Amino acid sequence: MEYENKEVKLYDDGKYRWVYEMNMITNPTIFLTVFKVFFWIILVMWAVFGFFLYVIHGDWEGLWGMSKSALVALGVMAVLTLLGVLVLAAIYGGKYVVLFEMDEDEVKHIQVPRQFKKAQAVAALTALAGAVSHRPTTAGAGLLAATKNSSTSEFKLVRSVRAHRRLHVIKVNQLLNRNQIYVPDEDFDFVYDYIKSRCVNAKK
């Protein structure tokens, strides 16, 4: 049976599409994603140098001093990351608008131009519904032509699927590709179940 809800809609070309507008100030997903990269880099460096200082040389004081430096570095990175997100939020008007496409084989996270507002993107999708229905008087395909960056997750290659309902995000991870799928509350269960059921190689 065809799924219908407020945001996620099935189009005549067999793809589900929806537009999500994330508040970059109140939703910490971008901050957490970027900061996690710095966290792991600093942690790995601490583990490598700590091994030489303590295990090989027995330098406990040196390890303790390096540990304090690592904590300071994490604090600095947290502040810089927060400032970076705030600057990016200012550039995007506080909102990150993204288009999603999903079918039986994959899900795409497509960044629309920053001048697009959600209402414009939804209107373009409505027009696109006509385009894929072979009504040439509509011009919604222009939205897809104007998109910049995209990240695609092929379900057969996905290794893990993690849902974070409070942040409205589903993390779909391949070996070298981390994708974030934003979904409104009313469609969250459907999209999560749809993706999870098709990622047959993902960890359960």
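Treat the numbers as computed from the prediction; the structure is a model and nothing was measured.

A.B. asks: Could you give me a rundown of the overall build of the chain, with the residues and numbers involved?
C.D. replies: A tally of regular secondary structure across the chain gives five helices and eight strands. Listing each helix as α and each strand as β along the chain from the N terminus yields β-β-α-α-β-β-α-α-β-β-β-β-α. Here the chain, with 204 residues, has 39% of them falling under the buried criterion. Expressed as a percentage of contacts within the chain between residues at least 6 apart in sequence, the contacts between residues at least 24 apart total 63%.

A.B. asks: So what's going on with the pattern of salt bridges? Which residues, and what values?
C.D. replies: Scanning the model with the defined rule gives five salt bridges in all. Salt bridges sharing partners connect three or more residues here, namely D13, R17 and E101.

A.B. asks: A description of the packing of aromatic side chains should follow, citing residues and the corresponding values.
C.D. replies: Within the structure shown, the criterion is met by nine aromatic pairs. With a centroid separation of 5.7 Å and an interplanar angle of 20°, the aromatic rings of Y20 and Y182 are classed as stacked. Here Y182 lies in strand β8 (residues 178-182) and Y20 lies in strand β2 (residues 16-23), a separation of 162 residues in the sequence. Y20 gets classed as buried once you look at its relative accessible area, which sits at 9%. Each ring, one from F190 and one from Y194, has its centre 5.7 Å from the other, and the planes form 50°; the classification is tilted. Of the two residues, F190 and Y194 are both situated in helix α5 (residues 185-198); the distance of four residues between them amounts to about one turn of the helix. The same class applies to F190 as to Y194, namely buried.

A.B. asks: Residue-level account of the sheet that holds strand β4 (residues 106-111), with values.
C.D. replies: Read across the open sheet, the five strands follow the order β1-β2-β3-β4-β5; overall the sheet is antiparallel. The open sheet has two free edges, formed respectively by β1 (9-10) and β5 (150-154), since each of these has just one partner strand.

A.B. asks: Explain the nonpolar core to me, using residue names and the numbers behind them.
C.D. replies: Nonpolar side chains in soluble globular proteins tend to be buried together. Of all hydrophobic cores here, the largest spans 33 residues; its most connected members are M102, I170, I181, Y182, V191 and I195. At the level of elements, β2, α2 (60-91), β3 (95-102), β7 (169-173), β8 and α5 are the ones that each hand at least two residues to this core. The residues touching I181, leaving out its near neighbours within four places in the chain, are W18, F100, V107, H109, H168, V169, I170, V172 and I195. If you look at the next biggest cluster of nonpolar residues, it comprises five residues, including V19, L99, I110 and V112.

A.B. asks: Quick one: what's the story with the sheet that holds strand β6 (residues 160-164), residue by residue and with numbers?
C.D. replies: In space, the three strands of this open sheet follow the order β6-β7-β8, with antiparallel pairing throughout. Only two strands of the sheet have a single neighbouring strand rather than two, namely β6 and β8. Across the sheet, the axes of successive neighbouring strands diverge by a mean angle of 20°, strand direction being ignored. With five bridges joining them, β7 and β8 adopt antiparallel strand pairing. Bridging from a neighbouring strand, N173 pairs with R178 of β8.

A.B. asks: Quick one: what's the story with the side chain of E101, residue by residue and with numbers?
C.D. replies: Structurally, the position occupied by E101 is in strand β3. When its relative accessible area of 7% is taken as the criterion, E101 is described as buried. A distance of 2.9 Å separates the side chain of E101 from the side chain of R17, its partner in a polar contact.

A.B. asks: Please set out the pairing of β5 residue by residue, giving values where relevant.
C.D. replies: With burial as the criterion, only one face of β5 is covered, namely that bearing S151 and S153; the residues S150, T152 and E154 on the opposite face remain uncovered. In this structure, β4 lies alongside β5, joined through five bridges in antiparallel fashion. In the sheet register, E106 faces β5, and the bridge partner there is E154.

A.B. asks: Any details on unusual backbone geometry? Residues and values, ideally.
C.D. replies: Phi is mostly negative for residues that are not glycine, and the peptide bonds are mostly trans. At H168, a position not held by glycine, the phi torsion is positive, near 60°. When you line up the elements, H168 lands in the loop between β6 and β7.

A.B. asks: Please give an account of a nonpolar patch on the surface that cites residues and values.
C.D. replies: Residues I25, V72, V76, V79, L80, L82, L83 and L86 make up a contiguous nonpolar surface patch of about 710 Å² in total accessible area. Along the chain, the position of I25 falls in the loop between β2 and α1 (29-56). Judged by relative accessible area, I25 falls into the exposed class, the value being 54%.

Cut-off values and rules
Residues numbered from 1 in each chain as written. Predicted model: local features only at pLDDT ≥ 70, side-chain atom pairs only at ≥ 80, totals over all residues. Heavy atoms only, no water. Helix = DSSP H or I, 4+ residues; strand = E, 2+ residues; numbered from the N terminus. Buried < 20%, exposed > 50% of the residue type's maximum accessible area, 1.4 Å probe, protein only. Contact = heavy atoms within 4.5 Å. Salt bridge = Lys/Arg side-chain N within 4 Å of Asp/Glu carboxyl O. Phe/Tyr/Trp six-rings, centres within 6.5 Å; stacked < 30°, edge-to-face > 60°. Pairing = 2+ DSSP bridges. Core = buried A, V, L, I, M, F, W, Y, C linked by side-chain atoms within 4.5 Å. Axes fitted to C-alpha atoms, helices over the stretch in contact; angles between N-to-C directions. Polar contact = N/O pair within 3.5 Å; in protein donor to acceptor, adjacent residues only side chain to side chain. Patch = residues over 30% accessible without salt bridge, like charges linked within 9 Å, V, L, I, M, F, W, Y side chains within 5 Å. Areas by Shrake-Rupley, 256 points an atom, 1.4 Å probe, with all protein chains shown as cover.

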